[in-house]
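So the chains spell out like this:
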Amino acid sequence: MLMLGGGRGIPARLVQTTLPRLVLVPVVFRLVMLAQALWTAGLTGSSVLWTFALLHLLPNVAEAAWIFRWSPAGTRLVPVADAAVAVLFVLGANLIAQDVVITSITWTHLMGTVMIWTLLRGAPAGALVIAAAVAPHTVLDPGSSLGLFLTLATALVAALALVGLVGASMRFALGFGEQQGREAERERHRRDVHDTVLQVMESFAIPAPADELDPAASLDRLRRTARAQAMRIRISLEHEPAEQVGLHQRLRLLAAEMAAEGLRAEVVVQDDCAPELAQETAMALHDSAREALRNALKHSGTRRAVVSVEQIGGGVSLTVRDHGAGFDVGDRRRGFGLENSIIARMAEVGGFARIESRPGLGTRVVLLAPSVLRLPVG
């Protein structure tokens, strides 16, 4: 099979999916030229002409249907079947009816055949089809052989130009996608470092009443937290979870994790709220909620927060609420945690986040996510 632009750097599966779709170009070309030929002939065309037109229309409609529901076996059979139809058209046009309009229809079909073989089998196959078409035509009608050769050669060049253009476009798209993927991966790495190592280190720096009353217990708490976080990071690096974990279970584990760090997080879930979320969506809600809770632990001055989950039309709403110090959302510049660990993370799964806060009235972080993940994450 012909590789787009040589196929270098383009995944084979992508090439195999794209090439059959390109067959639509010669099929559409044939149908347009058929309509033009019939328009030229008008309603006064002979019954033989209309028969040829119908016989020309049917295989092209069949090929168009194959394009939208193709199989590897069809990729092998379609060029052969198309060439067989082309041979029958040429023989019929020369033996049954000598008509200019019919001849133009057969030439159009031959052009499409050359393009199909070039697209699916490569330039040598297209050149072979040209030779196979011109050789018998030289015997039957020597005067028009050169014209037929130039016409079919034009179809071959057009097919190669189409392949080159599509190949260049695919290489550009793949290169751009790889660049965007690398940038997104770097951003996720920064986010993971912020949400794990940095957050834990900052939590160690937060003074607690027990530090002076029982320093040994405080030191033991710090060590246990450090060991738990190190184990969690190690597990995430070594393997993926063996089974999927739902949002409710994630939130219960999050509440236990925050309790170990000194924040009591009450999780409230509606009785009829049992959304079946994609793992990426559940993870985004969990990680965003954890960032909001850790911000509450560091900045709110309170040791209590409420996490509530409810099902809304077409999605899930998760709210993190505390009654701490609060802040002026308009005056305060968004930090890395709000911008990347919450807002950007929710945007990746097709949702969004809203931060509401006023000095002295606490903070509320509202996370909205769709139930169905429409685009792949990452």
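Since the model is a prediction, treat every value here as computed from it, not as a measurement. (Residues numbered from 1 in each chain as written. Predicted model: local features only at pLDDT ≥ 70, side-chain atom pairs only at ≥ 80, totals over all residues. Heavy atoms only, no water.)

Considerations on the overall build of the chain
For the chain, the helix and strand inventory stands at twelve helices and five strands. Taken over 378 residues, the chain has a buried fraction of 41%. Taken as a whole, the chain presents about 21,000 Å² of accessible surface, with 63% of it coming from carbon and sulfur. (Helix = DSSP H or I, 4+ residues; strand = E, 2+ residues; numbered from the N terminus. Buried < 20%, exposed > 50% of the residue type's maximum accessible area, 1.4 Å probe, protein only. Areas by Shrake-Rupley, 256 points an atom, 1.4 Å probe, with all protein chains shown as cover.)

Some details on the packing of helix α10 (residues 247-261) against helix α11 (residues 279-300)
Axis separation between α10 and α11 bottoms out at 10 Å; the angle between their running directions is 25°. Classified by the angle between their axes, α10 and α11 sit roughly parallel to one another. Pair α10 / α11 crosses with right-handed handedness. The segment α10 lies against α11, with Leu247, Arg250, Leu254, Glu257, Met258 and Glu261 engaging Gln279, Ala282, Met283, Leu285, His286, Ala289, Arg290, Leu293, Arg294 and Leu297. The residue inventory of the contact of α10 with α11, partitioned by class, reads nine nonpolar, two polar and five charged. (Axes fitted to C-alpha atoms, helices over the stretch in contact; angles between N-to-C directions. Parallel < 35°, antiparallel > 145°, perpendicular 65-115°, else oblique. Left-handed = near helix turned anticlockwise from the far one by under 90°. Contact = heavy atoms within 4.5 Å. Nonpolar A, V, L, I, M, F, W, Y, C, P; charged D, E, K, R; others polar.)

A closer look at a nonpolar patch on the surface
A surface patch of nonpolar side chains, about 350 Å² in accessible area, is lined by Leu54, Leu57, Leu58 and Val61. Locating leucine 58 in the fold gives a position in helix α3 (residues 47-68). (Patch = residues over 30% accessible without salt bridge, like charges linked within 9 Å, V, L, I, M, F, W, Y side chains within 5 Å. Salt bridge = Lys/Arg side-chain N within 4 Å of Asp/Glu carboxyl O.)

Let's talk about the pairing of strand β2 (residues 304-312)
Where strand β1 (residues 264-269) and β2 come together, six bridges link them in parallel fashion. Opposite valine 268, over in β2, you have serine 308 as the bridge partner. With seven bridges joining them, β2 and strand β3 (residues 315-322) adopt antiparallel strand pairing. Following the sheet pairing, valine 309 is matched in β3 by leucine 318. The hairpin turn running from β2 into β3, its antiparallel successor, is two residues long, and glycine 314 in that turn takes a positive phi close to 80°. (Pairing = 2+ DSSP bridges.)

Some points on the UniProt feature "transmembrane region" (unreviewed entry) in the chain
Under the present numbering, the feature "transmembrane region" (unreviewed entry) in UniProt falls on residues 21-42, 48-68, 80-102, 114-134 and 146-170. Split by type, residues 146-170 is 100% helix and 0% strand. Its first and last C-alpha atoms lie 36 Å apart. (UniProt positions renumbered as here; feature names shortened; annotations may be inferred.)

Notes on the pattern of salt bridges
Counting across every chain of the model gives six salt bridges. Ionic pairing is found between arginine 290 and aspartate 287, a salt bridge with its closest N-O pair at 3.6 Å. With arginine 290 and aspartate 287 both in helix α11 and three residues apart, this pair spans about one turn of that helix. What makes aspartate 287 buried here is its relative accessible area of 12%. Between arginine 364 and glutamate 356 there is a salt bridge, with the nearest N and O atoms lying 2.6 Å from each other. Residue classification places arginine 364 among the partly exposed positions, given a relative accessible area of 34%.

As for the sheet that holds strand β4 (residues 352-357)
Spatially, five strands are ordered β1-β2-β3-β5-β4 in an open sheet, and the strand pairing comes out mixed. Of all strands in the sheet, those bounded by a partner on one side alone are β1 and β4. Ignoring which end each strand starts from, the neighbouring axes of this sheet average 15° apart. The pairing of β3 with strand β5 (residues 363-370) spans eight bridges and is antiparallel. Counterpart to aspartate 322 in the pairing with β5 is threonine 363. Contacts from α11 reach β1, β2, β3 and β5 within the one sheet, and its direction differs from that of β3 by about 10°.

Quick word on the pairing of β4
Along β4, the buried face is formed by Ala353, Ile355 and Ser357; none of Phe352, Arg354 and Glu356, which line the opposite face, is buried. In the sheet, β4 pairs with β5 via six bridges, with the strands oriented antiparallel. Note on β5: the bridge partner recorded for serine 357 is threonine 363. If you look at the hairpin formed by β4 and β5, you'll find five residues sitting between the two strands, and glycine 360 has a positive phi there, around 85°.

Here we look at the environment of threonine 225
By secondary structure assignment, the location of threonine 225 is in helix α9 (residues 215-238). The class for threonine 225 is buried, based on a relative accessible area of 8%. For the pair threonine 225 and glutamate 261, spaced 36 residues apart in sequence, the C-alpha separation works out to 7.2 Å.

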